[in-house]
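Structure assessment
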Amino acid sequence: MEVAKTVGENLKLARKAKNITQKQLASELHKYQSDYSEYETGKIQLDYEKIVYLCKRLDITPNDLFGFY
C-alpha cells in the first residue's frame, strides 16, 4: 500500500477516535473540508508542518500516522 493511503487511513481513524469532524480539522488548518478529505483518501500528501500539527492535535505519534508499530 502506498504511504499516502496508509497515512490517510490512520489519520481518519485517529480523527474519528477523538470525535472530531473533517470540517473542524479543515478549519484549524485553514482549508476547505473537501481539501482536508483528500488527505484522508491519500490523494494529497501532508507536508511536515501539517504532520506535526495533526499528530499533536490527535494525540498520536508520527509512527502511528505512518503505520510503524
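Just above, that's the structure.
As the structure is a prediction and not an experimental result, all values here were calculated from the model.

Looking at the overall build of the protein
Secondary structure summary: the protein contains five helices and zero strands in total. Of the regular secondary structure in the protein, the N- to C-terminal order runs α-α-α-α-α. Taken against the 2.2 N^0.38 rule, which gives 11 Å for 69 residues, the C-alpha radius of gyration of the protein at 11 Å falls within 12% of a compact globule. Taken along its principal axes, the extent of the C-alpha atoms in the protein is 30 × 25 × 20 Å. Pairs at least 24 apart in sequence give 59% of the contacts found in the protein among residues at least 6 apart. With the model as given, the accessible surface of the protein reaches about 4700 Å², and the carbon-plus-sulfur share is 53%. One way to put it: in the protein the 11 positive side-chain charges average out to a point 5 Å from where the 10 negative ones average out.

Looking at helix α1 (residues 3–17)
Here α1 is 15 residues long and its end C-alpha atoms lie 21 Å apart, about the 21 Å a rise of 1.5 Å per residue gives. On its buried face, α1 sits against α2 (22–28), α3 (33–40), α4 (48–58) and α5 (62–66).

Remarks on the side chain of R15
Locating R15 in the fold gives a position in helix α1. Contacts of R15, omitting those with residues within four sequence positions, involve I20, T21, Q22, L25, Y36, E40 and L58.

A few points about unusual backbone geometry
In this structure, N19 takes a positive phi of about 55 degrees despite not being glycine. Within the element layout of this structure, N19 appears in the loop between α1 and α2. Of note in this structure, D59 is not a glycine but carries a positive phi near 55 degrees. Turning to its location among the elements, D59 is positioned in the loop between α4 and α5.

Some details on the packing of aromatic side chains
Taken as a whole and judged by the stated rule, the model has two aromatic pairs. When the ring of Y36 is compared with that of Y39, the centres are 5.9 Å apart and the planes differ by 85 degrees; the resulting orientation is edge-to-face. Highlighted residues: Y36 and Y39, both in helix α3, separated by three residues, approximately one helical turn. Taking relative accessible area as the criterion, Y39 reaches 6% and is therefore assigned buried. Between F66 and F68, the aromatic rings sit 6.3 Å apart at their centres with planes inclined by 10 degrees, giving stacked as the arrangement. Given the relative accessible area of 56%, F68 is considered exposed.

Criteria and cut-off values
Residues numbered from 1 in each chain as written. Predicted model: local features only at pLDDT ≥ 70, side-chain atom pairs only at ≥ 80, totals over all residues. Heavy atoms only, no water. Helix = DSSP H or I, 4+ residues; strand = E, 2+ residues; numbered from the N terminus. Rg over C-alpha atoms; globule rule 2.2 N^0.38 Å. Contact = heavy atoms within 4.5 Å. Areas by Shrake-Rupley, 256 points an atom, 1.4 Å probe, with all protein chains shown as cover. Lys, Arg positive; Asp, Glu negative; His and termini not counted. Charge placed at Lys NZ, Arg CZ, Asp CG, Glu CD. Expected span 1.5 Å × (residues − 1). Phe/Tyr/Trp six-rings, centres within 6.5 Å; stacked < 30°, edge-to-face > 60°. Buried < 20%, exposed > 50% of the residue type's maximum accessible area, 1.4 Å probe, protein only.

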